[in-house]
Amino acid sequence: MGITRQSTRFHKPSLSTIETWFSIKLVFHVGDSLIFEHNHNLNDVTQVSGALEYEFCDSSSPKAVYNPGHDISWCGSKGWSVPQESDFYYRWSEKTQFPIGDSLLFEYVNEVNDVLEISGDLEFISCYPVSPVAVHMTGHDLVTLTEPGVHYFISSKTPGHCYAGLKLRVVVGPLTKAVPVPNVPTKKIELSLMDRFNRWLRTFGPQPHH
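These notes cover the structure that comes with them. (Residues numbered from 1 in each chain as written. Predicted model: local features only at pLDDT ≥ 70, side-chain atom pairs only at ≥ 80, totals over all residues. Heavy atoms only, no water.)

With respect to the overall build of the protein
Our working definition: We count a stretch as a helix when DSSP gives it H or I for four or more residues in a row; a strand needs E for two or more, and each element gets its number in order from the N terminus. Note on classification: 1.4 Å probe, protein chains only; a residue is buried when its accessible area is under 20% of the maximum for its type, exposed when over 50%, partly exposed between these limits. Only heavy atoms enter the contact rule, under which two residues are in contact if any of them lie within 4.5 Å. Using a 1.4 Å probe, accessible areas were evaluated by the Shrake-Rupley method; residue-level cover was limited to the displayed protein chains.
Scanning the protein for helices and strands turns up five helices and eleven strands. The buried share of the protein, taken over its 210 residues, is 29%. For the protein, restricting intrachain contacts to residue pairs at least 6 apart in sequence, the fraction spanning at least 24 positions comes to 71%. Working note: accessible area of the protein is about 14,600 Å², and carbon and sulfur atoms make up 58% of it.

This is the structure we're talking about:
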């Protein structure tokens with residue numbers, strides 16, 4: 001699975017589904033995630049505190065109640081990896097609505113890629129993460145979109161992957177005004193960064209005498 005927007009499709013199972021689940025002795029490890037998919041108009045997800053509440057479907061004192069999920073979608077079957085078309089992730093995000101509370105699931109090989117959440121257009125366009133907001137490196141990262149606005153994600157572990165299109169920009173609503181798509185040429189940004197680097201290097205050279 002590629003990047004998935006977490007959702008919930010949790011419904012009344014058939015008898016065969018229940019038998020299948022119990023016949024397969026699933027082993028859950030610390031850190032595993034359960035993704036519930038359901039129609040929030042019909043169902044919800046409540047975590048109860050013990051076997052008695054579970055057996056009698058008693059949710060009067062829930063341990064946790066999870067927000068209803070949203071629609072699920074994914075972009076590609078090869079995971080968070082360099083796409084064949086450099087604008088693939090851009091096209092996917094542009095046609096997808098991201099309400100507050102949605103989650104993005106990044107699945108990838110962590111020896112090759114990572115997920116950096118960065119703070120602005122300049123870093124996103126130039127693939128130059130100056131001060132990342134968050135760094136994810138597990139290969140199975142669940143990122144919840146808790147705030148409205150524009151969120152940027154890039155891969156930085158392997159040079160060239162971000163430039164090849166391994167980056168994602170999502171707009172989380174609702175927004176009070178439209179957010180323009182950045183269109184600054186990458187080469188122009190690269191030159192600007194190089195100029196800054198050269199100026200910094202010159203600060204270590206001999207200073208002119210007056």
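Quick word on the environment of H151
Selection criterion: For the purposes of these results, a polar contact is taken to be a pair of N or O atoms within 3.5 Å, where, inside protein, one atom must be able to donate a hydrogen and its partner to accept one; residues adjacent in sequence count only when each atom of the pair is a side-chain atom.
Structurally, H151 can be placed in strand β10 (residues 149-154). A relative accessible area of 12% means that H151 is categorised as buried. Spatially, the C-alpha atoms of H151 and E117 are 7.4 Å apart, while their sequence positions differ by 34 residues. Beyond its immediate sequence surroundings of up to four residues, H151 is in contact with E117, L145, L168, R169, V170 and V172. Of the polar contacts made by the side chain of H151, one reaches the side chain of E117; its length is 3.3 Å.

Quick notes on the nonpolar core
Defined as follows: What we call a nonpolar core is a set of buried Ala, Val, Leu, Ile, Met, Phe, Trp, Tyr and Cys residues that are connected through their side-chain atoms within 4.5 Å.
Membership of the largest hydrophobic core comes to 15 residues, with the highest contact counts inside it found for W80, L104, F106, F153, L168 and V170. Those elements that place two or more of their residues in this core are α3 (88-94), β6 (103-107) and β11 (167-173). Among the elements that make up this core, the one with the highest residue count is β11 (three residues). Membership of the second largest hydrophobic core comes to seven residues, among which are L116, F124, I154 and C162.

Focus on the pattern of salt bridges
Cut-off, in case you're wondering: In what follows, salt bridge is the name for a side-chain nitrogen of Lys or Arg lying within 4 Å of a carboxyl oxygen of Asp or Glu.
Inspection of every chain in the model, using the stated rule, returns three salt bridges. D87 is the partner of R91 in a salt bridge, and the nearest nitrogen-oxygen pair spans 3.3 Å. E94 is the salt-bridge partner of R169, the closest N and O atoms lying 3.8 Å from each other. Placement of the pair is R169 in strand β11 and E94 in helix α3, with a sequence separation of 75 residues. The buried category is assigned to R169, whose relative accessible area is 5%. Classification of E94 as partly exposed rests on a relative accessible area of 41%. What you see here is one network of salt bridges that share partners, running through E85, D87 and R91.

Functional significance is not addressed by these values, which are geometric in nature.
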